[in-house]
Amino acid sequence: MKAGIICFTEHGVLLAEQLVNGLAAHGILCEAWLKKKEYRSALPVEVAFLEGTLSEWTAEQFLSKDLLIFIGSTGIAVRSIAPYVQSKKTDPAVIVVDEQGRHAISLLSGHIGGANELTLLVAELTGAEPVITTATDLHGKFAVDAFAARRNLYMDSMPAAKEIAAALVDNLKVGMWSAFPVTGVIPPELDTEGEEPLGFSIDVQKTSPFEKTLHLVPKAVVLGIGCKRGTERAVIQELVEEVLEVNGIFRESICKIASIDLKKDETGILELAESYQVPFLTYPAEELKKAVCEDGFAESAFVESVTGVGNICERSALLAAGGQKLLIPKTARNGVTVAAAVMDLTICMED
């Protein structure tokens, strides 16, 4: 995680220095700047003087940092970030610490961006009193967006997440369903019996166990891909996305792409992996032969004569997923083959 701090006073510099060192001890890489010229003569090494405007600083930090800390008034912070606020899903966490270090305020992205938890850490480091205003936290209720963010689960609907939060604050129960094993204590406000009209599912597939379902999607699906040499990315992607759609699989669930090592430099697959922002893994034919499938493989004598193994997509998907059961068996078209497997995953309810 990367953080940026801006301060405006001599005492603010001391707090900034304290936070840079304290956050570093928690694995947060932090940079700090001072805006006021009159205090620039004796800055500690942890704090640089800001040459540009505050607006320019904020714009840059919004793009490059996960956390912004304003040591000053909430008014300065609000006016600074206002032009750049876009979405709960993408905005960085923003915290305001007053110049005397008395209060640390979670201002933006309290749950998904982690500002609420980070505010508690900042308060601990500075001796400030944490100020958190999100309703679920104030009522001590389960927060589905924070739960998803901490587990890197994709949420398919912010309105549904807000509706769940509102129901919980109103002391109503919401449903919970998971395709994966669940460990830990399930909060009492969550109903796992499937009797509520509103709830959330944890699955890579577009299951809807409730009348109104928020989908929390883990990155757990491995795509196995084979193709003719020189096949363009668009051709590969067209089949991949068709296969996912037909089988009701969220594209956001993809965590890896795998193939045979003969394809390690295959431009079309490499470009697809880059566009999905997932790693591309390859295996030699002898390693692919060790893969095991509960239902057997769709082998091809021609593919084996060329590559040394009769099936690439299914075997590579299973090897990369570490399992023996396919989520999607081989589909072939236009010289491209696609299969998918899902990784073993356990959902822990406790942080």
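Residues numbered from 1 in each chain as written. Predicted model: local features only at pLDDT ≥ 70, side-chain atom pairs only at ≥ 80, totals over all residues. Heavy atoms only, no water.

Colleague: Is there a simple way to think about the overall build of the protein chain in this case?
Modeller: Of the regular secondary structure elements, the protein chain holds 12 helices and 19 strands. Split into buried and exposed, the 351 residues of the protein chain put 48% on the buried side. For the protein chain, the accessible area works out to roughly 16800 Å², and carbon and sulfur atoms hold 51% of it. Taken as two groups, the 31 positive and 48 negative side-chain charges of the protein chain have centres that lie 4 Å from each other. (Helix = DSSP H or I, 4+ residues; strand = E, 2+ residues; numbered from the N terminus. Buried < 20%, exposed > 50% of the residue type's maximum accessible area, 1.4 Å probe, protein only. Areas by Shrake-Rupley, 256 points an atom, 1.4 Å probe, with all protein chains shown as cover. Lys, Arg positive; Asp, Glu negative; His and termini not counted. Charge placed at Lys NZ, Arg CZ, Asp CG, Glu CD.)

Colleague: Could you clarify how one ought to interpret the sheet that holds strand β3 (residues 47–49) in this entry?
Modeller: Strand pairing in a sheet is mediated by backbone hydrogen bonds. Such pairs are either parallel or antiparallel. Read across the open sheet, the seven strands follow the order β3-β2-β1-β4-β5-β6-β7; overall the sheet is mixed. Single-partner strands in this sheet number two, and they are β3 and β7 (129–131). Adjacent strand axes in the sheet meet at a mean angle of 25° when their direction is disregarded. With six bridges joining them, strand β1 (residues 2–7) and strand β2 (residues 29–34) adopt parallel strand pairing. Directly across from C7, in β2, lies its bridge partner L34. (Pairing = 2+ DSSP bridges. Axes fitted to C-alpha atoms, helices over the stretch in contact; angles between N-to-C directions.)

Colleague: Would you mind showing me how to read the side chain of E314 here?
Modeller: The topology assignment puts E314 in helix α12 (residues 313–321). The buried charged residue E314 lacks any salt bridge partner; its closest oppositely charged side chain belongs to K330, at an N-O distance of 6.5 Å. Polar side-chain contacts of E314 include one of 3.1 Å to the backbone nitrogen of A298. The residues contacting E314, other than those within four sequence positions of it, are G296, F297, A298, L326, P329, K330 and A339. (Salt bridge = Lys/Arg side-chain N within 4 Å of Asp/Glu carboxyl O. Polar contact = N/O pair within 3.5 Å; in protein donor to acceptor, adjacent residues only side chain to side chain. Contact = heavy atoms within 4.5 Å.)

Colleague: What exactly am I supposed to notice about helix α1 (residues 10–24) here?
Modeller: In a regular helix each residue adds 1.5 Å, so 15 residues correspond to 21 Å; α1 covers 22 Å between its end C-alpha atoms and thus fits that length. G12, V13, L15, A16, L19, V20, G22 and L23 are the residues of α1 that are buried. Next to the buried residues of α1 lie β1, β2, β3, β4 (67–71), β5 (93–97) and α4 (115–126). (Expected span 1.5 Å × (residues − 1).)

Colleague: Looking at this structure, I do not really get helix α9 (residues 267–276). What am I missing?
Modeller: In an α-helix, one turn spans 3.6 residues; hence positions three or four apart end up facing the same way. All of the buried residues along α9 are G268, I269, L272, A273 and Y276. Down the axis of α9, the buried set is contained in an arc of 135°. They therefore lie on one face. Against β14 (221–227), α8 (233–246), β15 (254–260) and β16 (280–283) lie the buried residues of α9. Looking one or two places after α9, you find Q277, whose phi comes out positive at around 55°. (Arc of directions from axis to C-beta.)

Colleague: Help me understand the pairing of strand β6 (residues 103–108) in this model?
Modeller: Every regular strand shows the same layout, with side chains that alternate between the two sheet faces. Here four bridges tie β5 to β6, and the two strands are oriented antiparallel to one another. Bridge assignment links V94 to a residue of β6, and that residue is L108. Of the pairings in the sheet, the one linking β6 to β7 comprises three bridges and is parallel in character. Paired with H103 across the two strands is E129, which belongs to β7. For the crossover that starts at β6, traverses α4 and ends in the parallel β7, the hand is right-handed. (Right-handed = clockwise from strand over helix to strand, strands pointing away.)

Colleague: What is the right way to read the sheet that holds β14 from this model?
Modeller: Read from one edge to the other, the open sheet built from five strands follows the order β16-β15-β14-β18-β17, with strand pairing classed as mixed. The open sheet has two edge strands, β16 and β17 (326–333), and neither has a second partner. Taking the axes of each pair of neighbouring strands and ignoring which way they run, one obtains an average angle of 20° across the sheet. The sheet contact formed by β14 and strand β18 (residues 336–342) spans seven bridges and is antiparallel. Residue pairing across strands places I225 opposite V338, the latter belonging to β18. Docked against the sheet, α8 engages β14, β15, β17 and β18, running at close to 135° with respect to β17. α9 rests against β14, β15 and β16 of the sheet, and its axis sits at about 170° to β15.

Colleague: Quick question: what am I supposed to make of the side chain of T58 here?
Modeller: Counting through the fold element by element, T58 comes out in helix α2 (residues 54–64). Accessibility expressed as a relative area gives 0% for T58, which makes it buried. Aside from chain neighbours lying at most four places away, what touches T58 is L68, F70, S80, I81 and Y84.

Colleague: Looking at this model, I keep getting lost on the environment of L120. Mind explaining?
Modeller: On the secondary structure map, L120 appears in helix α4. Using a relative accessible area of 45% as the deciding quantity, one classes L120 as partly exposed. A sequence separation of 85 residues divides L120 from K35, and the C-alpha atoms of the two residues are 25 Å apart. Ignoring any residue separated from it by four or fewer positions in sequence, one finds L120 in contact with P130 and I132.

Colleague: Mind showing me how you'd approach the pattern of salt bridges here?
Modeller: In a structure, side chains of opposite charge can pair up when their charged atoms sit close to one another. Here the structure, examined in full by the defined rule, presents 11 salt bridges. For E287, the salt bridge is made with K290, and the minimal N-O distance between the two is 3.6 Å. Judged by relative accessible area, K290 falls into the exposed class, the value being 58%. Where salt bridges share partners, they join R229, K263 and E266 into one cluster.

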